[in-house]
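The primary structure of each chain is shown beneath.
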Amino acid sequence: MLKFLFSLSGLLVSIIVAAQLKLPALISDNMVLQQNKQVAVWGWAAPGEMITITPSWNNKTITTKADGKGKWQATLQTNKAGGPYTIEFKSVDKITVNNVLLGEVWLASGQSNMEFPMGKGEGWRTGAHNAETEMPKANYPNIRMIDVPNRVSDVPQEDFKGEWQVCTPETVKDFSAVAYFFAKDIQAATGYPIGIINSTWGGTPAESWTRKDILESDTGFQKILERYKQDVEKYPAAYAKYKTSYEKWKADTSSNKKGAPKEPVGPNHNKSPGKLYNGMIAPLIPYTLQGVIWYQGESNADRAWQYRRLFPAMIKGWREDWHYNKLPFYFVQIAPHRSQVPEIREAQLYSWQTTPYTGMVVSTDHGDSLDIHPRNKEVIGKRLSLWALKNEYGKKSIITSGPVYQSMKVESNKIVIRFKYADGINASSKAPLQEFLIAGDDQQFVPAQAIIKGNTVIVWNNDISKPVAVRFNWNKVPVAELYNKAGLPATPFRTDNWPVATQGKE
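Residues numbered from 1 in each chain as written. Predicted model: local features only at pLDDT ≥ 70, side-chain atom pairs only at ≥ 80, totals over all residues. Heavy atoms only, no water.

Chemist: Help me understand the environment of Lys60 in this model?
Modeler: Relative to the elements of secondary structure, Lys60 occurs in the loop between strand E3 (50-55) and strand E4 (62-65). The spatial distance from the C-alpha of Lys60 to the C-alpha of Asn325 is 30 Å, given a sequence separation of 265 residues. (Helix = DSSP H or I, 4+ residues; strand = E, 2+ residues; numbered from the N terminus.)

Chemist: Help me understand the pattern of salt bridges in this model?
Modeler: In the structure shown here, the tally under the stated rule is 21 salt bridges. With its nearest N and O atoms 2.7 Å apart, the salt bridge here joins Lys316 to Glu320. Of this pair, Lys316 and Glu320 both sit in helix H8 (residues 304-321), separated by four residues, roughly a single helical turn. For Glu320, a relative accessible area of 35% corresponds to the partly exposed category. Measuring nitrogen to oxygen at the nearest pair gives 2.8 Å for the salt bridge that ties Asp365 to Arg383. Of the two residues, Asp365 sits in the loop between strand E13 (358-361) and helix H10 (378-391) while Arg383 sits in helix H10, which places them 18 residues apart along the sequence. Overlapping salt bridges bring together Arg211, Asp213, Lys316, Glu320 and Asp321 as one network. (Salt bridge = Lys/Arg side-chain N within 4 Å of Asp/Glu carboxyl O. Buried < 20%, exposed > 50% of the residue type's maximum accessible area, 1.4 Å probe, protein only.)

Chemist: Could you clarify how one ought to interpret the pairing of strand E7 (residues 94-110) in this entry?
Modeler: Side-chain direction in a regular strand flips from residue to residue, so the side chains alternate between the two faces of the sheet. Taking burial as the measure, the 17 residues of E7 include twelve buried ones, the bulk of the element. Here strand E1 (residues 32-34) runs beside E7; their pairing, made up of three bridges, is parallel. Bridge pairing in E7 places Val32 opposite Leu101. Pairing of strand E6 (residues 82-90) with E7 involves six bridges; the strand directions are antiparallel. Note that in E7 the partner of Ile87 across the bridge is Val97. With antiparallel pairing between neighbouring strands as the criterion, E6 and E7 make up a hairpin whose turn holds three residues. Summarising the sheet, E7 and strand E10 (residues 194-200) pair through seven bridges and their orientation is parallel. Residue pairing in the sheet places Leu107 in a bridge with Ile197 of E10. Bridge analysis of E7 against strand E11 (residues 291-295) gives five bridges, and the strand direction is parallel. By the bridge assignment for E11, Leu107 is matched with Val292. (Pairing = 2+ DSSP bridges.)

Chemist: Help me understand the packing of aromatic side chains, please; the structure alone is not making it clear to me.
Modeler: Any pair of aromatic rings gets described here by the distance separating the centres and the angle formed by the planes. Counting across every chain of the model gives 31 aromatic pairs. With a centroid separation of 6.5 Å and an interplanar angle of 70°, the aromatic rings of Phe436 and Phe493 are classed as edge-to-face. Separated by 57 residues along the polypeptide, Phe436 in strand E17 (residues 436-439) and Phe493 in strand E23 (residues 493-494) bring together distant segments of the chain. In this pair, the class of Phe436 matches that of Phe493, namely buried. (Phe/Tyr/Trp six-rings, centres within 6.5 Å; stacked < 30°, edge-to-face > 60°.)

Chemist: Explain H10 here, please?
Modeler: Given 3.6 residues per helical turn, the α-helix brings residues three or four places apart onto the same face. The end-to-end C-alpha distance of H10, which contains 14 residues, comes to 20 Å, matching closely the 20 Å that a straight helix rising 1.5 Å per residue would cover. Most of H10 sits out of view: ten of its 14 residues are buried. For H10, the set of buried residues is Val379, Ile380, Gly381, Arg383, Leu384, Ser385, Leu386, Trp387, Ala388 and Leu389. Elements in contact with the buried residues of H10: E7, helix H4 (177-190), E11, strand E12 (329-332), helix H9 (342-354) and E13. (Expected span 1.5 Å × (residues − 1). Contact = heavy atoms within 4.5 Å.)

Chemist: I'm lost on the sheet that holds E23 in this one. Help?
Modeler: Strand pairing within a sheet occurs via backbone hydrogen bonds; the two strands may be parallel or antiparallel. On the basis of which strands lie adjacent, the open sheet formed by four strands has the order E18-E17-E21-E23 and antiparallel pairing. Across the chains shown, the open sheet's two edge strands, defined by having one partner strand only, are strand E18 (446-447) and E23. Where E17 and strand E21 (residues 469-472) come together, four bridges link them in antiparallel fashion. The residue bridging Ile438 from the neighbouring strand is Val470, located in E21.

Chemist: Would you mind showing me how to read the nonpolar core here?
Modeler: Counting residues in each nonpolar core, the largest one holds 116 residues, and the members touching the most others are Trp72, Phe89, Ile197, Tyr287 and Trp318. The residues touching Phe89, leaving out its near neighbours within four places in the chain, are Leu21, Leu23, Ile27, Val41, Thr52, Ile53, Trp72, Lys94, Ile95 and Val97. Within the second largest apolar cluster, 18 residues are counted, among which are Ile417, Ile438, Leu482 and Phe493. (Core = buried A, V, L, I, M, F, W, Y, C linked by side-chain atoms within 4.5 Å.)

In structure tokens:
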């Protein structure tokens, strides 16, 4: 009898050890899988264990085997958009994933302007401008979003804690506002279910979202790593000083109380190079995506010239990770604000013009000089959707961009500016154009007169007989005054290549 009990307990232990089937957070109830694709599914089980996977859209069972570390991965062929479906994962035990939709999957990432939720919350989370009227109507069962928790990590992570949320008037308050409006427009135009993976964190620079080996392999990024190493070394003393200042600030009850002191960068700070990639992007790989929408750059404005190379390097790295060098990547040019130098918008324009399969949204007409988080996220989401609708969903007649500088020609004491995307170019008001600057050989820019003629703009200043360069919207808080017939604003630009303030800042 004793021998039998020992055998039984051993059998139970072996069953418990074998019963280790586990799925990542992404593969869970309410998920959206990319339609008409070979999509990746993965998870963990006991080493060597066989797993069978049966999706209900075709009832075709496939089998895979966990490797020596217990990791397994398989590929499913999805059908056209539809659902809901189930997927059964079976080994010694069984997991059934319910309410699965086939549709379009987009990754929304960046810093606070992409993180910015629909509903009002603490601090800067002031809610979308039309939240009170929009949220009660947000009953969209075919729009789903999963939020990746903020995490700093020294090594790439395999999973995170989260769950897919179906869009309802109750859940939408925590959705990224930009991503919600983007998804809503895509869904309305195509009828497809939309899944958004929201991986965002306010106040974060691009290097935090970039693989560390990319930063290590490029001499142009070495100062980022050197500066971080020094910050970590100084962190204990810097943190002690910060803590004292913070407690003093917290105790201050005066009416002229200033903002809280900033915590110094240390080993677990969200500005740590590569560590948000490890904690918040690596766990998403290889979930099949249609594309990426991105809103970030504010935290790199003081090193805008470097961003011209850093941002494209980050994009290239993500495309390598997903083994898709044509992965669509649509992003927002930074809105007007007193802290945002014009070079950061130029860096984003440069990234768009030099990085294939990207698109840029101009936001000069929806900024706030005093608030770096402008509340009108609907227009941003809509403009991002224009790129996707044209390039991914066949709406070829859509105009995706406002006027973009193309070339210049000096004619006597005037400069004629030509643009792309300039059909129906017009001024936003009847007032004279105010945002053009002009310079001669002395490189001293002065306000210019400017008029629209056909699809060009003619720029001059009567005191400059031999002009050589023009700049438009070249300031921290540009005013949108030039549009095309689609109602999209012109991007800020300059015709010169003279040195700017952020060159050499790494």
